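Structure at a glance
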Amino acid sequence: MPPRSRSFWIMAVGLAVVALGASAYGVKATSTTAFCMSCHEMKVYQTELDVSPHAKDAKGNPIGCSQCHIPGAGLVRMVAAKTYLGVKDVWAHYEGKGEDLDRAAMQPMARRFVDDANCRACHQDLTRNAKNDGAVSETGSLAHENYEGKNGISRSGCAGCHRNMAHLPRFDRHLAANAKFAAKLKEARP
Amino acid sequence: MTPEPTGPTPTSRPSSILSHPLLRNRAVVVLAGAALLVAAFFLYVRLAFPGVRCEAAKHLDAPEKMGDCYGCHVKSTPRVAQDWYEGKHGITLVRCQTCHGQPDGKGAIAFNRSPGVEICARCHAPSMERMEAKFGTRGNCSSCHPNHQNPMHGDAYVNRQATTKTSLD
């Protein structure tokens, strides 16, 4: 093959730059809450989030979907998760049937993709309680020592133990720990 | 003017990419490479997002603790231990290994994290049959009846009033 001409390389580099720029824009645009909410089946999660303990962060800003559900800890990790979950969501939207939207079946996978790093971005100190206005309870401190490996080692990440922090499906509403969340949800969506 | 071709040798182009040897090899390589990339992607997702962080502590490393699950679990899983302790199964001393089996694999129950319906049925079969007949069931008991969380006196725990009394009279 004859050596490529200079204008070929200029066009190739230009095309690569455009492709990278478009990809970066695409990744950002598909990580916004508005984009998630563009599919109607996602609205229920927003309704639940708005009355959950995670509706707003410590500064009063509303918490977006991607803050929990998209790993922020590395480019490859983030793009891999977005691709995997995005393709699944598109498929479920167009081809999915009722049983594909079974929340009890979806919960384990959703928890798998909620990274501990995303939780720790706000909850840095595990010896403080959730609102950071006091020490964590005795139960909590024992459980966190287990998470950190000081008394045994837990299999689960943050989302494995701290469930229903933002979303509350019907089958979890009777649990005593979710009573306040369930009451608020009933008001919001009678 | 070139003479019309005659004879058996065809001079037309190969009809598909697969019959042209050089292009076929390239097509195969590209397809194999794409398949490899897709496989690598799925493998990466499986490894980077494991469902569990690591295997829990090896229970068999402390054989002297074998019969006393609660002794460690009251510290390592305090919430579950407390729920069990205050619930019906704790008050009636249905011990951990009755539903969860034993880590050394002995006994009739296979060591498990989430006991299935057949384990509930070992004690509760009559009630389960009545439940199925009257209200139907959902395939797993714990979606309505959380295993560790039934207080013995039902609503007494839920509706208990706050009090500062320190004696019964």
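Residue indices begin from 1 for each chain and proceed along its sequence in written order. By the order in which they are written, chains take letters starting at A while ligands take numbers starting at 1. Residues qualify for local features only when their pLDDT is at least 70, as the model is predicted, and side-chain atom pairs are given and counted only at 80 or more; totals for whole chains, interfaces and linings, by contrast, use all residues. By convention in this description, side-chain values take in all heavy atoms of the structure and omit both hydrogens and water.

**Description of the overall build of chain B**
Applicable threshold: The numbering of helices and of strands both runs from the N terminus, where a helix is a DSSP run of H or I of at least 4 residues and a strand a run of E of at least 2. The buried label applies to any residue whose accessible area, calculated with a 1.4 Å probe on protein chains only, is under 20% of its type's maximum; exposed applies above 50%, and partly exposed to all values in between. Residues are treated as being in contact if the distance between any of their heavy atoms lies within 4.5 Å. Only the protein chains shown count as cover for residues, and the accessible areas themselves come from Shrake-Rupley with a 1.4 Å probe.
Looking only at helices and strands, one finds seven helices and zero strands in chain B. Starting at the N terminus, the α and β elements of chain B follow one another as α-α-α-α-α-α-α. Here chain B holds 169 residues, and the buried ones make up 14% of them. By sequence separation, contacts in chain B at least 24 residues apart represent 37% of the contacts at least 6 residues apart. When the accessible area of chain B is evaluated, it comes to approximately 13,500 Å², of which 61% is carbon and sulfur surface.

**Observations regarding the interface of chain B and chain A**
Accessible area lost upon the coming together of the parts is a frequently used measure of interface size. Rules: Buried area counts how much accessible surface, traced with a 1.4 Å probe, disappears from two parts once they are put together, with both parts' losses summed. Definition used for salt bridges: Asp or Glu carboxyl oxygen within 4 Å of a side-chain nitrogen of Lys or Arg. Polar contacts, as used here, are pairs of N or O atoms within 3.5 Å; protein pairs need one atom able to donate a hydrogen and one able to accept it. Residues neighboring in sequence count only if both atoms are side-chain atoms. In this count, Pro and Cys sit with the nonpolar residues alongside Ala, Val, Leu, Ile, Met, Phe, Trp and Tyr, while Asp, Glu, Lys and Arg are called charged and the others, Gly among them, polar.
With 26 residues of chain B at the contact, the number on the chain A side is 27 residues. Approximately 2,200 Å² of surface area, both sides summed, lies buried where chain B meets chain A, with 61% of it carried by carbon and sulfur atoms. At the junction of chain B and chain A, the tally comes to zero salt bridges. Applying the counting rule to chain B against chain A returns two residue pairs in polar contact (both at pLDDT 80 or more). Sorting the residues of the side of chain B that touches chain A by element identifies helix H1 (21-48), helix H2 (69-76) and helix H3 (78-86) of chain B as the ones contributing at least two each. Broken down by element, the side of chain B that touches chain A gets its largest block of residues, six residues, from H1(B). A class-by-class count of the residues in the side of chain B that touches chain A yields 15 nonpolar, five polar and six charged.

**Observations regarding the nonpolar core**
In plain terms, the rule: Put simply, buried Ala, Val, Leu, Ile, Met, Phe, Trp, Tyr and Cys residues joined by side-chain atoms within 4.5 Å make one nonpolar core.
Grouped together as the largest cluster of nonpolar side chains are eight residues: A:Ala80, A:Ala81, A:Tyr84, A:Leu85, A:Phe113, B:Val45, B:Ala48 and B:Phe49. Elements with a minimum of two residues in this core: helix H5 (75-95) of chain A together with H1 of chain B. It is H5(A) that provides the largest number of residues to this core, a total of four residues. Apart from the residues within four sequence positions on either side, B:Val45 is in contact with A:Ala80, A:Tyr84, A:Arg112 and A:Phe113. In terms of nonpolar packing, the next biggest core, distinct from the first, is built from five residues, A:Val51, A:Phe181, A:Ala182 and A:Leu185 among them.

**Considerations on the domain arrangement of chain B**
Inclusion rule: Residue ranges assigned to each domain were obtained from an automatic or database domain assignment.
Split by domain assignment, chain B resolves into domain 1 (17-55) and domain 2 (69-152). Spacing between the C-alpha centres of domain 1 of chain B and domain 2 of chain B amounts to 44 Å.

**A word on the packing of H2(B) against H3(B)**
Residue and element names in this part refer to chain B. Put simply, the rule is: Angular values range over 0 to 180 degrees, each being the angle between N-to-C directions of two axes fitted as lines to C-alpha atoms, with helices fitted over their stretch in contact. Every angle not falling under 35 degrees, over 145, or within 65 to 115 is termed oblique; those three ranges are roughly parallel, roughly antiparallel and roughly perpendicular.
The contact between H2 and H3 brings their axes to 6 Å, and the two run at 125°. Relative to H3, the element H2 is oriented oblique. Along its contact with H2, which presents Tyr70, His73, Val74, Lys75 and Ser76, the element H3 presents Pro78, Ala81, Trp84 and Tyr85. Considered class by class, the residues forming the contact of H2 with H3 number six nonpolar, two polar and one charged.

**Some thoughts on the state of the cysteines**
Going by this rule: A pair of sulfur atoms, both from cysteines and within 2.5 Å, is called a disulfide here.
All told, the structure shown has zero disulfides over all chains when counted by the stated rule. Left unpaired, A:Cys65 is separated from the closest cysteine sulfur, that of A:Cys36, by 3.9 Å. The thiol sulfur of B:Cys99 is not disulfide-bonded, and the nearest other cysteine sulfur, from B:Cys120, lies at 7.1 Å.

**Digging into the side chain of A:Gln107**
Here A:Gln107 shows up in helix H6 (residues 103-112). When sequence neighbours within four positions are dropped, the list of residues in contact with A:Gln107 reads A:Asn164, A:Pro169, A:Phe171 and A:Asp172.

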